[in-house]
Amino acid sequence: KHFGHAIKTLKTTTIGDIFQQVDNEAAHYGVVPIENSTEGVVTHTLDKFLTSSLQICGEVELRIHHHLLSNVEDLKNINIVYSHQQSLGQCRQWLHSNLPGVETVAVNSNAEAAKLAAQEVGSAAIAGALAAEIYGLTKRVSHIEDTRDNTTRFLVIGNREVPASGIDKTSLMVSTKNEAGALQSVLQPFSDENISLNKIESRPSRQHAWEYVFFIDIDGHKDDTNIAKVLEKLKSSVSFVKVLGSYPKAVI
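Residues numbered from 1 in each chain as written. Predicted model: local features only at pLDDT ≥ 70, side-chain atom pairs only at ≥ 80, totals over all residues. Heavy atoms only, no water.

Student: Please provide a residue-by-residue account of the packing of aromatic side chains, values included.
Tutor: Per the counting criterion, the structure on display carries two aromatic pairs. Measuring from ring centre to ring centre gives 5.4 Å for F3 and Y29, while their planes differ by 40°; the resulting arrangement is tilted. Here F3 is found in the segment before α1 (15-23), whereas its partner Y29 is found in the loop between α1 and β1 (30-36), with 26 residues between them in sequence. Relative accessible area serves as the criterion here: at 35%, F3 is assigned to the partly exposed category. Between F19 and F49, the ring centres sit 5.3 Å apart and the planes meet at 85°, which makes this aromatic pair edge-to-face. You can see F19 sitting in helix α1 and its partner F49 sitting in helix α2 (residues 43-49), a full 30 residues away along the chain. For the pair F19 and F49, a shared accessibility class is recorded, and that class is buried. (Phe/Tyr/Trp six-rings, centres within 6.5 Å; stacked < 30°, edge-to-face > 60°. Helix = DSSP H or I, 4+ residues; strand = E, 2+ residues; numbered from the N terminus. Buried < 20%, exposed > 50% of the residue type's maximum accessible area, 1.4 Å probe, protein only.)

Student: So what about the side chain of S87? Which residues, and what values?
Tutor: Among the secondary structure elements, S87 is positioned in helix α3 (residues 85-90). The contact partners of S87, leaving out residues within four places of it in the chain, are H66, N110 and I126. (Contact = heavy atoms within 4.5 Å.)

Student: Kindly report on unusual backbone geometry, identifying the contributing residues and their values.
Tutor: One non-glycine residue, H143, lies in the positive phi region at around 50°. Looking at the element boundaries, H143 is found in the loop between β8 (138-141) and β9 (151-158). The class of H143 is partly exposed, set by a relative accessible area of 38%. For N194, which is not glycine, the phi dihedral falls at a positive 60°. Mapped onto the elements, N194 comes out in the loop between α7 (182-192) and β11 (197-204).

Student: Any details on the environment of T138? Residues and values, ideally.
Tutor: Residue position: T138 is located in strand β8. Judged by its relative accessible area of 33%, T138 is partly exposed. Taking the C-alpha atoms as reference points, T138 and L68, 70 residues apart in sequence, are found 8.4 Å from one another. Not counting residues up to four positions away in its chain, the partners in contact with T138 are L68, L69, S70 and N71.

Below, the structure written as structure tokens:
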């Protein structure tokens, strides 16, 4: 959706592998999930930004439809369901209502789940329609996601900065001191400059116990005058601030 069809794709096993392939220049860009409208943030992706020097170059939002894929004709004969942890969460209610007591196993990707379902008797996978075609599975039940507007936001990561488009978003990583009013000192400058915050998430800093890093999405480009002013002001009031990237907003 973001690049069109005239690209060469490279499959990887984990989110960490995607960062590594781009960092090692085996790929120009990577595409990683960052959040789902039902299950929330993808913590593995956030955590990789703690140590990665890669920039966010774009974002993509996709409506996600999940299907139960299996070569087992009767659902009563399915004894195990494979899928990615996020997909299992997005279909939790359907699984509880239609396959009660059936074991669910989280794997690295829905493609891996489909491959396992094609190999193992009595198994099924939750995945997309393309996986059914690739692995020779039958789509037993369609659209089993619990929320009909189920949407996942992906980030495009790379080694270059993106110029302003006029409709942009900027992602930041900010660490504060563990003291009263620390978070307010981060947020106040954005309010003073009338900058809209789209998202704020916290993750353990992994440096010291009970210290956190805040991931913040704001409207605008880092080169905009008001945002540049806020970023300069933050440098004197926080432990560190890092711009993860400015990029055009996604269109769904």
